[in-house]
Amino acid sequence: MAFFDVLQSIIPIALFYSAPLIFTALGGVFSERSGVVNIGLEGLMVAGAFVGIVFNLTFDETFGSATPWISIFVAMIVGAIFSLVHAVASVSFRADQVVSGVAINFLALGLGVFLTKQWYGKGQTDMVDEPFYSTDIPILADIPILGPLFFNGIYVTSYVAIAFAFLGWFVLYKTPFGLRLRSVGEHPMAADTNGINVNRMRYIAVMISGALGGLGGAVFALTIAFNFSQATIVGQGFMSLAAVIFGKWHPLGAMGAALFFGFAQSLSVIGSGIPLLENVPAVYLTIAPYVLTILALAGFIGRAEAPKANGQPYIKGSR
Amino acid sequence: MFSNKTFNLIVPIISVLLGLLAGAIIMLVFGYNPVEGYIALWNGAFGSNYFFGETIRQVTPYIFTGLSIAFAFRAGLFNIGAEGQVIVGWLASVWVGAAFDAPMIIHLPLAIIAAALAGALWGFVPGLLKAKLGVHEVIITIMMNYIALHVSNALIRDVLTDSGDSTDQIKESASLASNWLMELTGYSRLHYGIILALFAAFFVWFLLEKTTRGYELRSVGYNQHASEYAGMNVGRNIILSMVISGGIAGLAGAMEGLGTFGYMPTHSAFTNLGFDGIAVALLGGNNAFGVVIAAFLFGVLKIGALNMPTAAEVPSELVEIVIALIIFFVASSYIIRWTLLKFKKEGK
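So, a few notes on the structure that sits alongside this text. (Residues numbered from 1 in each chain as written. Chains lettered and ligands numbered in written order. Predicted model: local features only at pLDDT ≥ 70, side-chain atom pairs only at ≥ 80, totals over all residues. Heavy atoms only, no water.)

**Examining the overall build of chain B**
For chain B, the count of helices and strands is 16 helices and zero strands. Whereas a compact globule of 348 residues would reach a radius of gyration of roughly 20 Å, chain B reaches 21 Å, a difference of no more than 12%. Taking the principal axes of its C-alpha atoms as reference, chain B extends roughly 70 × 60 × 35 Å. The buried share of chain B, taken over its 348 residues, is 58%. Within chain B, residue pairs in contact and separated by at least 24 positions form 77% of the contacts whose partners lie at least 6 positions apart. Total accessible area computed for chain B in this model is approximately 14,900 Å², and 66% of it derives from carbon and sulfur atoms. Between the averaged position of the 18 positive side-chain charges in chain B and that of its 20 negative side-chain charges there is a distance of 18 Å. (Helix = DSSP H or I, 4+ residues; strand = E, 2+ residues; numbered from the N terminus. Rg over C-alpha atoms; globule rule 2.2 N^0.38 Å. Buried < 20%, exposed > 50% of the residue type's maximum accessible area, 1.4 Å probe, protein only. Contact = heavy atoms within 4.5 Å. Areas by Shrake-Rupley, 256 points an atom, 1.4 Å probe, with all protein chains shown as cover. Lys, Arg positive; Asp, Glu negative; His and termini not counted. Charge placed at Lys NZ, Arg CZ, Asp CG, Glu CD.)

Below you can see the structure in the form of structure tokens.
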């Protein structure tokens, strides 16, 4: 297989696997930048996947080919509402944020499977009839070399994800809102002194992470899984969390890490067909994201500082 | 005013009650009879010798994972990696149990020790990184979980078998299974592990409360800087507590490998024993005695739930929701304390 063919088979699949991770990791960046650790990303993805699939199955006759887009939008809203559980626990009730995140993961999976059994009478839903399909992007697909690599047989959601990452960077680093959000995560008391409502800021940040996590889960469900069951989201949320850290709590860094993890996943999917890689056991590629995250955190790949107030509830008047 | 000790007892009890209440409300909303639902759950856990044996069997690994996480907690560490430590412990015990021939008095302890060592190794990595480089153990242990899952699957498929889906059955001489316990409980899979689990609980209690080493571990958990100033080696204590915590979680894997199943299948997803252990430890207030009680409660909920679909048509996942809410309420104990104090004041 020629080099170009290899690229042509890897890149679209890498983009395809990355999109859900990018969305969710962005959510993680927003939450953690405001000082709220979000181990619950996995649960938020589960919630998004469930809502995306159920909405799609229920309304596909009403909305036709627009269904997947409306489904992911609804999943965003439900994700934001669902994340309020985490926000209330960790911001208002001063719960341990890691524990609260663990509860979110349990709760989402329990509710999702419970409701699936309730509504569909079995452990998994039917396959959706209106998933996202890959398309050729008009005009751009005709560009020689680049066209077949990046614009042929591509899921539009991948590009939406990348656009969101840039939007997230703009919001966090170029707007007053982003500055406030980050200041709350670095030094909440100073932010409070300057008239920023720390708790409200954190609620907003957690809800953004809920919306983006729900979006990520729904996109995963409607591009990759096509149905919902207990085994739909298995670790993608934690992989997104890894991308947050690997990307040093920066939207574009998280996107880069998510793209890399998507690339690693695509290699483990199609690796057997690629010369050089066919003899590498798939397990090495499967565990690559996790091992790399450990190495990154250990400082072998550049040291990153987490937001300073990450994980600490803010109690007014204490210091 | 309530004393702190009373709170530590009241908060878990209120959390469990609130969780069960929420479960009842969910059942009502979906048109089930909550009384029937919970009776089905009760009967599923205690209704016959068989069910009771299965409940105790489920309690066994929960005691281990709960102790593992509680132990780390007391030293100020959050071991989310019990799940991975269970998996490597399971694999190590089954490997030793199947690959060697030896009299039981050597073989069984060897298989158990292998599980503890494998778990300890899986705890050592995050412990070392935390102690030497200050890397947060939560993230490392999460990553170690996935590495454990995928590597053990690959080892089962490609090293221990020829593309098989599960390992060989362990030899009789490495088995924890017990004929008389099984006969006593209507041929449930109850095994000798429960005795080991109770012994482990005693060991953790003794180590933490009665030894100098335990005092140091707790001291480091309470205030690292003060401990450092008092001349304790904080780094070594962190590594030690992660190693012990991992070893105990590894033993939970041995319970599954040598007791319940006698082999290890490839896992497409986590066993959840480690994650449920977080709930057990939290509910048990991170002390050994509390963990045993909490493990019992979760064993009852999990095994009892299996009876709910047949006896009351309630999906068994309802219990997962109840458990999630219990964790949520325990985590939010601040608000429970606040409410209790408020009531107390108004009552005056």
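After that view, the rundown keeps rolling.
**Topic: helix 9 (residues 198-225) of chain A**
Residue and element names in this part refer to chain A. Look at helix 9: 38 Å from first C-alpha to last across 28 residues, which is about the 40 Å you get at 1.5 Å a residue. Helix 9 sits mainly inside the fold: 21 of its 28 residues count as buried. N-capping of helix 9 is provided by Asn197, with a side-chain oxygen placed 3.4 Å from the backbone N of Asn199. Looking at the residues trailing helix 9, positive phi occurs at Phe226, about 70 degrees. (Expected span 1.5 Å × (residues − 1). Polar contact = N/O pair within 3.5 Å; in protein donor to acceptor, adjacent residues only side chain to side chain.)

**What to know about the layout of surface pockets**
All names here are of chain B. Put simply, the second largest pocket is a space of about 1,200 Å³. Counting only elements with at least two residues in the lining of the second largest pocket, the list comes to helix 1 (4-29), helix 3 (49-74), helix 12 (273-283), helix 13 (288-305), helix 15 (317-331) and helix 16 (333-347). The element contributing the most residues to the lining of the second largest pocket is helix 1, with seven residues. (1 Å grid on protein atoms, 1.4 Å probe; cavity = no way out; pocket = protein on both sides within 12 Å on 5 of 7 lines; lining within 4 Å. Points joined across faces, edges and corners; volume = space filled by probe spheres on them.)

**Comments concerning the interface of chain B and chain A**
For an interface, size is often stated in terms of accessible area lost upon the parts coming together. At the interface, 38 residues of chain B touch 38 residues of chain A. When residues of chain B are sorted by the area they lose upon contact with chain A, Met143(B), Tyr146(B) and Phe328(B) head the list and together hold 16% of the total. At the junction of chain B and chain A, the tally comes to one salt bridge. Across the pair Lys117(A) and Glu317(B) runs a salt bridge, and its minimum N-O distance is 3.1 Å. Across the contact surface, chain B and chain A share two residue pairs in polar contact (both at pLDDT 80 or more). For the side of chain B that touches chain A, the secondary structure elements donating two or more residues are helix 5 (104-133), helix 6 (137-160), helix 12, helix 15 and helix 16 of chain B. Here the residues of the side of chain B that touches chain A are counted per class, giving 32 nonpolar, three polar and three charged. (Buried area = accessible area lost by both parts, 1.4 Å probe. Salt bridge = Lys/Arg side-chain N within 4 Å of Asp/Glu carboxyl O. Nonpolar A, V, L, I, M, F, W, Y, C, P; charged D, E, K, R; others polar.)

**Some remarks on the packing of aromatic side chains**
The final tally for this structure, using the stated rule, is 28 aromatic pairs over all chains. Ring geometry for Trp42(B) against Phe46(B): centres 4.5 Å apart, planes inclined by 45 degrees, an arrangement best described as tilted. Placement of the pair is Trp42(B) and Phe46(B) together in helix 2 (residues 34-46), with a separation of four residues, close to one helical turn. By relative accessible area, which is 26% here, Phe46(B) ends up partly exposed. Among the aromatic residues, those joined into a ring-pair cluster are Phe238(A), Tyr290(A), Tyr146(B), Phe270(B) and Phe275(B). Above the face of the Phe261(B) ring, Arg189(B) is positioned so that its terminal group lies 5.7 Å from the ring centre. (Phe/Tyr/Trp six-rings, centres within 6.5 Å; stacked < 30°, edge-to-face > 60°. Lys NZ or Arg CZ within 6 Å of the ring centre and 35° of its normal.)

Limitation: the analysis is restricted to geometry and does not speak to function.
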